[in-house]
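Summary of the model geometry
In case you want the letters, here they are:
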Amino acid sequence: MLHPTIEWFVSWFDSPYYHLLYHDRNEEEAKAYIDALLDHLRVKPDAKLLDLACGKGRHSVYLSQKGYEVTGVDLSPESITYAQGFAHEHLHFQVHDMRNPLPFGPFDFIFNLFTSFGYFAHETENIVALRSAAAALRPGGKMVIDFMNTERTLRELVLEEEKTVRGITFHITRRLDDGFIVKTIRFQDALGYEQQFEERVRALSLDNFEEYFQMAGLRLAEVLGDYQLGPYNEALSPRMIFIVKK
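Predicted model, so just to flag it, every value in this text is computed and none were measured. (Residues numbered from 1 in each chain as written. Predicted model: local features only at pLDDT ≥ 70, side-chain atom pairs only at ≥ 80, totals over all residues. Heavy atoms only, no water.)

**Re the packing of helix 3 (residues 27-41) against helix 4 (residues 58-65)**
The contact between helix 3 and helix 4 brings their axes to 11 Å, and the two run at 50 degrees. When the interaxial angle is binned, helix 3 and helix 4 end up oblique. Our pair here, helix 3 against helix 4, has a crossing hand that is right-handed. Contact with helix 3, carried on its side by Glu-27, Ala-30, Lys-31, Ile-34, Asp-35 and Leu-38, involves Arg-58, His-59, Tyr-62 and Leu-63 of helix 4 and no other residues of that element. Classifying every residue of the contact of helix 3 with helix 4 gives five nonpolar, one polar and four charged. (Axes fitted to C-alpha atoms, helices over the stretch in contact; angles between N-to-C directions. Helix = DSSP H or I, 4+ residues; strand = E, 2+ residues; numbered from the N terminus. Parallel < 35°, antiparallel > 145°, perpendicular 65-115°, else oblique. Left-handed = near helix turned anticlockwise from the far one by under 90°. Contact = heavy atoms within 4.5 Å. Nonpolar A, V, L, I, M, F, W, Y, C, P; charged D, E, K, R; others polar.)

**Here we look at the pairing of strand 9 (residues 194-202)**
With nine bridges connecting them, strand 8 (residues 180-188) and strand 9 associate as antiparallel partners. If you follow Ile-181 over to strand 9, its bridge partner there is Val-201. (Pairing = 2+ DSSP bridges.)

**Looking at the pattern of salt bridges**
Think of it this way: side chains of opposite charge can pair up when their charged atoms draw near. Taken as a whole, this structure holds 16 salt bridges when the rule is applied. Across the pair Arg-99 and Glu-7 runs a salt bridge whose closest N-O atoms are separated by 2.7 Å. You can see Arg-99 sitting in the loop between strand 3 (91-95) and strand 4 (107-112) and its partner Glu-7 sitting in the segment before helix 1 (8-13), a full 92 residues away along the chain. Taking relative accessible area as the criterion, Glu-7 reaches 14% and is therefore assigned buried. Put simply, Asp-177 and Arg-200 hold a salt bridge, and the shortest N to O gap is 3.7 Å. Residue Asp-177 is located in strand 7 (residues 168-177), and its partner Arg-200 is located in strand 9; the two are separated by 23 residues in the primary sequence. Judged by its relative accessible area of 28%, Asp-177 is partly exposed. (Salt bridge = Lys/Arg side-chain N within 4 Å of Asp/Glu carboxyl O. Buried < 20%, exposed > 50% of the residue type's maximum accessible area, 1.4 Å probe, protein only.)

**Describing the packing of aromatic side chains**
A complete count under the given rule lists 24 aromatic pairs for this structure. On the numbers, 5.7 Å between centres and 75 degrees between planes, the contact of Phe-9 with Phe-120 is edge-to-face. With a gap of 111 residues between them, Phe-9 in helix 1 and Phe-120 in the loop between strand 4 and helix 6 (123-135) connect regions that are remote in the sequence. What makes Phe-9 buried here is its relative accessible area of 4%. Judged by centre distance (5.8 Å) and plane angle (35 degrees), the ring pair of Phe-209 and Phe-213 falls under tilted. With Phe-209 and Phe-213 both in helix 8 (residues 206-215) and four residues apart, the pair spans about one turn of that helix. On the basis of relative accessibility, which here comes to 0%, the residue Phe-209 falls in the buried class. Phe-213 sits in the buried class, given a relative accessible area of 1%. Three or more aromatic residues joined by ring pairs make a cluster, and in this case those are Trp-8, Phe-9, Trp-12, Phe-13, Tyr-17, Tyr-18, Tyr-22, Tyr-119, Phe-120, Phe-170, Phe-187 and Phe-197. (Phe/Tyr/Trp six-rings, centres within 6.5 Å; stacked < 30°, edge-to-face > 60°.)

**Considering the side chain of Ser-76**
Assignment of secondary structure puts Ser-76 in the loop between strand 2 (69-74) and helix 5 (77-83). At 2.3 Å, the side chain of Ser-76 forms a polar contact with the side chain of Asp-14. In this structure, Ser-76 is in contact with Phe-13 and Asp-14, ignoring residues within four places of it in sequence. (Polar contact = N/O pair within 3.5 Å; in protein donor to acceptor, adjacent residues only side chain to side chain.)

**Quick notes on the nonpolar core**
Among the nonpolar cores identified, the biggest contains 51 residues, and Trp-12, Ile-110, Phe-117, Leu-130, Met-143, Phe-170 and Phe-209 are the most heavily contacted of them. Every residue in contact with Phe-209, bar those within four places of it in the chain, is listed here: Phe-117, Ile-145, Phe-147, Leu-204, Met-240 and Phe-242. Within the second largest apolar cluster, 27 residues are counted, among which are Tyr-33, Leu-38, Ala-47 and Ile-243. (Core = buried A, V, L, I, M, F, W, Y, C linked by side-chain atoms within 4.5 Å.)

**Thoughts on the pairing of strand 6 (residues 160-165)**
The pairing of strand 6 with strand 7 spans six bridges and is antiparallel. The residue of strand 7 that forms the bridge with Glu-160 is Thr-173. Here strand 6 folds back onto strand 7 in antiparallel fashion, the turn holding two residues, of which Arg-166 has a positive phi close to 50 degrees.

**Considerations on the sheet that holds strand 3**
Spatially, the seven strands line up as an open sheet ordered 3-2-1-4-5-11-10, and their pairing is mixed. Lying at the two open borders of the sheet, with one neighbouring strand each, are strand 3 and strand 10 (219-224). Mean inter-strand twist for the sheet, computed between neighbouring axes without regard to direction, equals 20 degrees. As paired elements, strand 5 (residues 137-148) and strand 11 (residues 239-245) share seven bridges and run antiparallel to each other. Residue pairing across strands places Ile-145 opposite Phe-242, the latter belonging to strand 11. Of the strands in this sheet, strand 1 (48-52), strand 2, strand 3 and strand 4 touch helix 4, which is tilted by about 160 degrees from strand 3. Each of strand 5, strand 10 and strand 11 touches helix 8; the most contacted strand, strand 11, lies at about 15 degrees to it.

The structure is reproduced here in structure tokens:
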């Protein structure tokens with residue numbers, strides 16, 4: 001499948017400034033969350049795992065350190081090149097667009113973590129991506145999709161902020177635009193040139209996801225609401241964490 005226009009995530013995720021802006025993500029919180037998921041899902045030691053949209057592979061590496069057979073895939077060649085430095089016999093990385101069929105598998109569990117979904121311009125592409133993932137699951141396998149709680153995110157949307165990291169000041173604005181939460185990031189790079197990037201994530205509701213899962217042949221088992229795996233509450237929960245079965 002070809003996608004001839006340059007999509008926002010292709011250029012932004014390959015930019016060193018993307019990784020600079022988000023350099024302070026909490027690693028210990030992420031590891032505790034993954035531990036909780038593994039326990040909650042009762043993942044067996046011999047399970048094969050897929051980290052879908054793995055970025056630079058930090059979660060794949062951690063899953064591998066827990067003893068699992070792990071494959072990490074991401075659209076960004078730069079990120080996968082970095083991740084390849086951690087690869088070994090039981091940890092593999094590949095450049096891959098989640099809309100395309102996975103050439104490897106099947107997997108017992110697929111993890112799509114930290115809002116790595118809903119980026120595509122056309123809603124049908126979300127369903128195509130889920131169908132590709134479903135096809136890579138073993139019968140009875142499970143997939144975790146960790147998304148923002150859109151209702152709360154919209155209610156608490158920070159419209160403007162500034163963040164300075166290692167001498168670079170990022171000017172960030174947010175808005176709702178045609179069904180997408182759009183974050184515009186402007187800054188002057190290290191050479192003094194003005195740069196601008198956008199992040200566009202579809203403002204998906206619980207109902208949207210339920211429809212997607214049905215169309216992709218997946219069954220929604222439960223919805224969790226936070227990284228401690230508490231129950232989902234539309235008004236209060238920071239996250240929508242979907243556990244779906246094939």
